[in-house]
Amino acid sequence: MKLLSLNRASAQTLITRQGVVRSAIRKQAAGGPLSVHELGLEGDEQADSSVHGGVTKAIYAYPSEHYPFWQTVRAQAQVADWGAALPWGHVGENLSLQGLLETQVWQGDRLVFADCELIVTEPRQPCFKFAAVMGFPQAVKLMAQSGYCGFYLAVRRAGTLRAGEAFTLEPGPRLVSVPQLFKLAMQGHQVGGLET
């Protein structure tokens, strides 16, 4: 398992179907190493701490293996730049991971890096900002249906992270998995309503 890219962003204006909002979803790859503290990655912001950020959602991780899926569905939706390769961080993730999917992760599992330790807390729930960044409104529904949601991490041991470094997964109590939590969260929404 490997950390392919560290991504961060400042909050900026984002045009959505619901109007103009502030968001830090447009993450960009950053040089490293970067420090990790209780509230996240050095230099990263969250515009709305009620849904992103805080101690339990300090860092968002996403499997790189899902990027070809998003590339394909963006092409099918014929978004403006559908032919361009998606850069790491495009899904809004701080950590672009290789070799670790949602189906392998449970709440309480630990990602152990050389100088940092993170703990899995919950899956990401898609919103209208994700649809705006992807360029088509059905992106939210597709994340809900595919389960390609990624997961949030709390910082168990602060330190530093470097793009390219390997990490290990240490099992937690293994009582509830990320896919189970995501399914429960999505049952609380009308799937058609997720498009708004």
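About the cut-offs
Residues numbered from 1 in each chain as written. Predicted model: local features only at pLDDT ≥ 70, side-chain atom pairs only at ≥ 80, totals over all residues. Heavy atoms only, no water. Helix = DSSP H or I, 4+ residues; strand = E, 2+ residues; numbered from the N terminus. Contact = heavy atoms within 4.5 Å. Pairing = 2+ DSSP bridges. Salt bridge = Lys/Arg side-chain N within 4 Å of Asp/Glu carboxyl O. Buried < 20%, exposed > 50% of the residue type's maximum accessible area, 1.4 Å probe, protein only. Axes fitted to C-alpha atoms, helices over the stretch in contact; angles between N-to-C directions.

A. Examining the environment of Val79 more closely. Topologically, Val79 is positioned in the loop between helix 1 (67–76) and strand 8 (95–98). Through-space distance from the C-alpha of Val79 to that of Gly99 is 29 Å; in sequence the pair is 20 residues apart. When near neighbours in sequence (up to four residues on either side) are disregarded, Val79 contacts Arg74, Met134, Gly135 and Phe136.

B. Representation of the pairing of strand 3 (residues 19–23). As defined by bridge partners, strand 2 (residues 12–16) adjoins strand 3 across five bridges and the pair is classed as antiparallel. Directly across from Thr16, in strand 3, lies its bridge partner Gly19. Between strand 2 and strand 3, which follow one another and run antiparallel, lie two residues.

C. Expanded view of the pattern of salt bridges. A full pass over the atoms with the stated rule returns seven salt bridges. Put simply, Glu117 and Arg110 hold a salt bridge, and the shortest N to O gap is 3.0 Å. By relative accessible area, Arg110 is classed as partly exposed at 22%. Between Arg156 and Glu117 there is a salt bridge, with the nearest N and O atoms lying 2.7 Å from each other. On the criterion of sequence distance, the pair formed by Arg156 in strand 11 (residues 151–157) and Glu117 in strand 10 (residues 117–123) is long-range, its members being 39 residues apart. A residue is classified by how much of its surface remains accessible, and Glu117, at 10% relative accessible area, is buried.

D. Region of the structure containing the sheet that holds strand 13 (residues 168–170). Read from one edge of the open sheet, eight strands run 4-1-8-7-11-10-9-13, paired in mixed fashion. Edge positions in the sheet fall to strand 4 (28–29) and strand 13, since each of these pairs with one other strand and no more. Direction of pairing for strand 9 (residues 110–112) relative to strand 10: antiparallel, over a ladder of three bridges. Bridging across to strand 10, Leu111 finds its partner in Leu118. Its contacts with the sheet place helix 4 (residues 178–187) against strand 10 and strand 11, and it is angled at close to 35° to strand 10.

All we've got here are geometric facts, nothing functional implied.
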